[in-house]
Amino acid sequence: VQLQASGGGLVQPGGSLRLSCAASGSRFSINAMGWYRQAPGKQRELVAGITSGGITNYADSVKGRFTISRDNAKNTVYLQMDSLKLEDTAVYYCKGEGPPWSALYNHWGQGTQVTVSS
């Protein structure tokens, strides 16, 4: 079982990035998935989640700017990040959110660095 995150980088404030998280070794389509982030000196926090059926939820700090989506045919979950702010700088992680009997449950990707800087 593996989650491979990619797409991070350096972007100016107001810019956009799209993160991808590709899953292998499990039935991806049955899993809820989440994107989390951890900034230096801060706790890891949930940014966005998506159920197996495509229902989404977002942290208040990213509502209207970030969009989570999934492509089950590609075993991939995405995080489209627009109107990026300095405070969005963090390492971003994807995570399998269940069901609990799934191999992806509570499995973390390796993280991808997003740096927003002018």
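Since this is a predicted model, take the numbers as computed values, not measurements.

Participant: Which residues make up the sheet that holds strand β7 (residues 66-71), and what values go with them?
Facilitator: Read from one edge of the open sheet, four strands run β1-β3-β8-β7, paired in antiparallel fashion. Of all the strands in the sheet, just β1 (2-6) and β7 have a single pairing partner and so form its edges. Averaged over all adjacent pairs, the angle separating strand axes in this sheet is 15 degrees, with direction ignored. In the sheet, strand β3 (residues 17-24) pairs with strand β8 (residues 76-81) via six bridges, with the strands oriented antiparallel. By the bridge assignment, Leu19 is partnered in β8 with Leu79.

Participant: Describe the environment of Thr112, listing the residues and the values that go with them.
Facilitator: Among the structural elements, Thr112 can be located in strand β10 (residues 112-116). A relative accessible area of 10% places Thr112 in the buried class. Separated by 106 residues in sequence, Thr112 and Ser6 have C-alpha atoms that sit 5.8 Å apart. Of the polar contacts made by the side chain of Thr112, one reaches the backbone nitrogen of Gly8; its length is 3.0 Å.

Participant: Describe in detail the sheet that holds strand β4 (residues 32-38), supporting the description with residues and values.
Facilitator: One open sheet accounts for six strands, arranged β2-β10-β9-β4-β5-β6; its pairing is mixed. Single-partner strands in this sheet number two, and they are β2 (9-11) and β6 (56-58). Strand after strand, the sheet turns through a mean of 25 degrees between neighbouring axes, direction not considered. Strand direction decides the pairing type here: β4 and strand β9 (residues 90-98), joined by seven bridges, are antiparallel. Looking across to β9, one finds that Gly34 is bridged to Lys95.

Participant: Let's hear about the nonpolar core: which residues, and what values?
Facilitator: With 28 residues, the main nonpolar core has Trp35, Phe66, Val77, Leu79, Met81 and Tyr92 as its most contacted residues. Looking at this core, the elements that each hand over two or more residues are β1, β3, β4, β5 (45-50), β7, β8, β9 and β10. When residues of this core are assigned to their parent elements, the largest contribution, four residues, is made by β3.

Participant: Can you tell me about the pattern of salt bridges, naming the residues and giving the values?
Facilitator: Pairing between side chains becomes possible if they bear opposite charge and their charged atoms approach one another. Following the criterion strictly, the structure yields five salt bridges and no others. When the shortest N-O distance is used, the salt bridge between Glu45 and Arg37 registers 2.7 Å. Relative accessible area serves as the criterion here: at 5%, Arg37 is assigned to the buried category. Here Arg37 and Asp88 are joined by a salt bridge, their closest N and O atoms 2.9 Å apart. Of this pair, Arg37 sits in strand β4 while Asp88 sits in the loop between β8 and β9, and the two are 51 residues apart along the sequence. Judged by relative accessible area, which is 0%, Asp88 ranks as buried. Taken together, the shared-partner salt bridges connect Arg37, Glu45, Arg65 and Asp88 into one network.

Participant: Tell me about the pairing of β10, and name the residues and values.
Facilitator: Along a regular strand, successive side chains alternate from one face of the sheet to the other. Here β10 shows a clear split, with Thr112, Val114 and Val116 buried on one side and none of Gln113 and Thr115 buried on the other. Note: β2 against β10, three bridges, orientation parallel. Within the sheet, the bridge partner assigned to Val11 lies in β10 and is Val116. Pairing of β9 with β10 involves three bridges; the strand directions are antiparallel. For Val91, the partnering residue across the bridge sits in β10 and is Gln113.

Definitions and limits used
Residues numbered from 1 in each chain as written. Predicted model: local features only at pLDDT ≥ 70, side-chain atom pairs only at ≥ 80, totals over all residues. Heavy atoms only, no water. Pairing = 2+ DSSP bridges. Helix = DSSP H or I, 4+ residues; strand = E, 2+ residues; numbered from the N terminus. Axes fitted to C-alpha atoms, helices over the stretch in contact; angles between N-to-C directions. Buried < 20%, exposed > 50% of the residue type's maximum accessible area, 1.4 Å probe, protein only. Polar contact = N/O pair within 3.5 Å; in protein donor to acceptor, adjacent residues only side chain to side chain. Core = buried A, V, L, I, M, F, W, Y, C linked by side-chain atoms within 4.5 Å. Salt bridge = Lys/Arg side-chain N within 4 Å of Asp/Glu carboxyl O.

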